[in-house]
Amino acid sequence: MRGIFAAGVLDVFLERRFHPFDLAIGSSAGACNLSSHLAGQHGRNRRGYLTQMQRAEFADPRRFLRGGHWLDIDYLWAAFEREDPLDVAALVASPTRLLAAATCVETGRAEYLEPGVDNMSEVLRASSAVPVLFRGFVEIAGRRFADGGVTAPVPVEEAYRRGARRILVIRSRPADFPGPSRVECALAAAALRAHPALAAAFRRYRDVYARSAAFIRRPPPDCRVVHVAPERHLRTSRTTRDRRALEADYQYGRLAGARAIRAWAEQDAAAWPAAAL
């Protein structure tokens, strides 16, 4: 649910026609936010957080205690497709390439899947299948996947490996956030002990997060990063359904989006100083 901050950022980008990007990489809610953004569907992300994702059919801790899903992504995607479908044709036609990070259950490693017309729903669900809270995995071509945020929580290094040298990063945590606690990672690993590679990925989670944060703070000399992150912790948590908190963090994201556009323009000015006539 913290992804509503990025929804605000991206809506401002659409309103101001700010889109200088060749590649977009997202994990979990980030991949879903990017899909609506690249399809040009202004406001769709916000509607999802305030409508479909508010329902007990999607999020229900009591169901989890009875052995079901806390977050039922299968219900959620069916609701999206029925009530507010993604414009898949527009997304596929976008000149910006979209990659969605997902974690392979068998290897415990991040894979970067490119959604197309035939597998859009599967890829986005795979990237968003939060282990433990969703009691299952998403199968693609005979392989099982879970939430990409476990192994690629901030996929900035992957963008660099793929040739990006000017990168805009949107995070829903403050810049100094150290990553998930060791206790949280250990509990998740214990709950997933039947899937050893995925459990091992949770044990590495904190270190992976810290490495990505360090890259953002000190990128390589040939790389420039604009970092979009809240200056304080959001009012929204992973499972918040308080509409006032969600709306406040959406508006906070809009302010951050406007600042990001200015920061990008300032980088342009620094790189290309005005020439004297």
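Preceding this paragraph is the structure being described.
Owing to the predicted nature of the structure, the values given are computational and were not obtained by experimental measurement.

1. Comments concerning the pairing of strand β2 (residues 97–104)
Moving on, step 1. The element β2 is largely enclosed, with a buried count of seven among its eight residues.
Moving on, step 2. Where strand β1 (residues 23–27) lies against β2, five bridges are found, and the strand directions are parallel. Among the inter-strand pairings, L23 is bridged to a residue of β2, identified as R97.
Moving on, step 3. As paired elements, β2 and strand β3 (residues 110–113) share four bridges and run antiparallel to each other. Residue pairing across strands places A100 opposite L113, the latter belonging to β3.
Moving on, step 4. Once β2 ends, the chain turns through five residues before running back antiparallel as β3, passing G108 with a positive phi of about 70°.
Moving on, step 5. As paired elements, β2 and strand β5 (residues 143–147) share three bridges and run antiparallel to each other. Considered in β5, the bridge of A102 is made with D147.

2. Quick look at the pattern of salt bridges
Moving on, step 1. Following the criterion strictly, the structure yields 17 salt bridges and no others.
Moving on, step 2. Here D268 makes a salt bridge to R166, at a shortest N to O gap of 2.7 Å. Of the two residues, D268 sits in helix α11 (residues 243–271) while R166 sits in strand β6 (residues 166–170), which places them 102 residues apart along the sequence.
Moving on, step 3. The salt bridge partner of E184 is R238, with a shortest N-O separation of 3.5 Å. Of this pair, E184 sits in helix α9 (residues 182–191) while R238 sits in the loop between β7 (224–228) and α11, placing them 54 residues apart in sequence.
Moving on, step 4. On the accessibility criterion, E184 (35% relative accessible area) is partly exposed.
Moving on, step 5. Among the ionic contacts, a cluster of salt bridges with common partners joins R55, R82 and E83.

3. Notes on the nonpolar core
Moving on, step 1. Membership of the largest hydrophobic core comes to 57 residues, with the highest contact counts inside it found for F13, L168 and V228.
Moving on, step 2. Counting 30 residues, the second largest nonpolar core, distinct from the first, contains I167, C185, L192 and I216.

4. Let's talk about the pairing of β5
Moving on, step 1. Sheet analysis places strand β4 (residues 138–140) next to β5, joined by three bridges and oriented antiparallel. Paired with E139 across the strands is R144, a residue of β5.
Moving on, step 2. The hairpin turn running from β4 into β5, its antiparallel successor, is two residues long, and A141 in that turn takes a positive phi close to 55°.

5. Focus on helix α2 (residues 29–38)
Moving on, step 1. Burial of α2 is extensive: eight of the 10 residues sit out of reach of the surface.
Moving on, step 2. Along α2, the positions that sit buried rather than exposed are A31, C32, N33, L34, S35, S36, H37 and L38.
Moving on, step 3. Within two residues after α2, G40 carries a phi angle of roughly 75°, on the positive side.

6. Notes on the packing of aromatic side chains
Moving on, step 1. Under the defined criterion, the tally for this structure stands at 10 aromatic pairs.
Moving on, step 2. Aromatic pair F18 and F21: ring centres 5.7 Å apart, planes at 90°, arrangement edge-to-face. Residues F18 and F21 agree in their burial class; the two are buried.
Moving on, step 3. Here F18 and W264 contribute two aromatic rings whose centre-to-centre distance is 6.0 Å and whose plane-to-plane angle is 80°, an arrangement assigned as edge-to-face. One end of the pair, F18, is in the loop between α1 (4–15) and β1; the other, W264, is in helix α11, with 246 residues separating them in the sequence.
Moving on, step 4. Site record: aromatic cluster; members linked through ring pairs are F13, F18, F21 and W264.
Moving on, step 5. Positioned above the aromatic ring of F64, the side-chain terminus of R135 is 4.2 Å from the ring centre.
Moving on, step 6. Lying across the ring of W264, R166 places its NZ or CZ 4.0 Å from the centre.

7. Points about unusual backbone geometry
Moving on, step 1. One non-glycine residue, R17, lies in the positive phi region at around 55°.
Moving on, step 2. Its location among the elements puts R17 in the loop between α1 and β1.
Moving on, step 3. Assessed through its relative accessible area of 78%, R17 is described here as exposed.
Moving on, step 4. If you check the backbone angles, S28 has positive phi at about 60° while not being a glycine.
Moving on, step 5. Looking at the secondary structure, you find S28 in the loop between β1 and α2.

The rules we used
- Residues numbered from 1 in each chain as written.
- Predicted model: local features only at pLDDT ≥ 70, side-chain atom pairs only at ≥ 80, totals over all residues.
- Heavy atoms only, no water.
- Buried < 20%, exposed > 50% of the residue type's maximum accessible area, 1.4 Å probe, protein only.
- Helix = DSSP H or I, 4+ residues; strand = E, 2+ residues; numbered from the N terminus.
- Pairing = 2+ DSSP bridges.
- Salt bridge = Lys/Arg side-chain N within 4 Å of Asp/Glu carboxyl O.
- Core = buried A, V, L, I, M, F, W, Y, C linked by side-chain atoms within 4.5 Å.
- Phe/Tyr/Trp six-rings, centres within 6.5 Å; stacked < 30°, edge-to-face > 60°.
- Lys NZ or Arg CZ within 6 Å of the ring centre and 35° of its normal.

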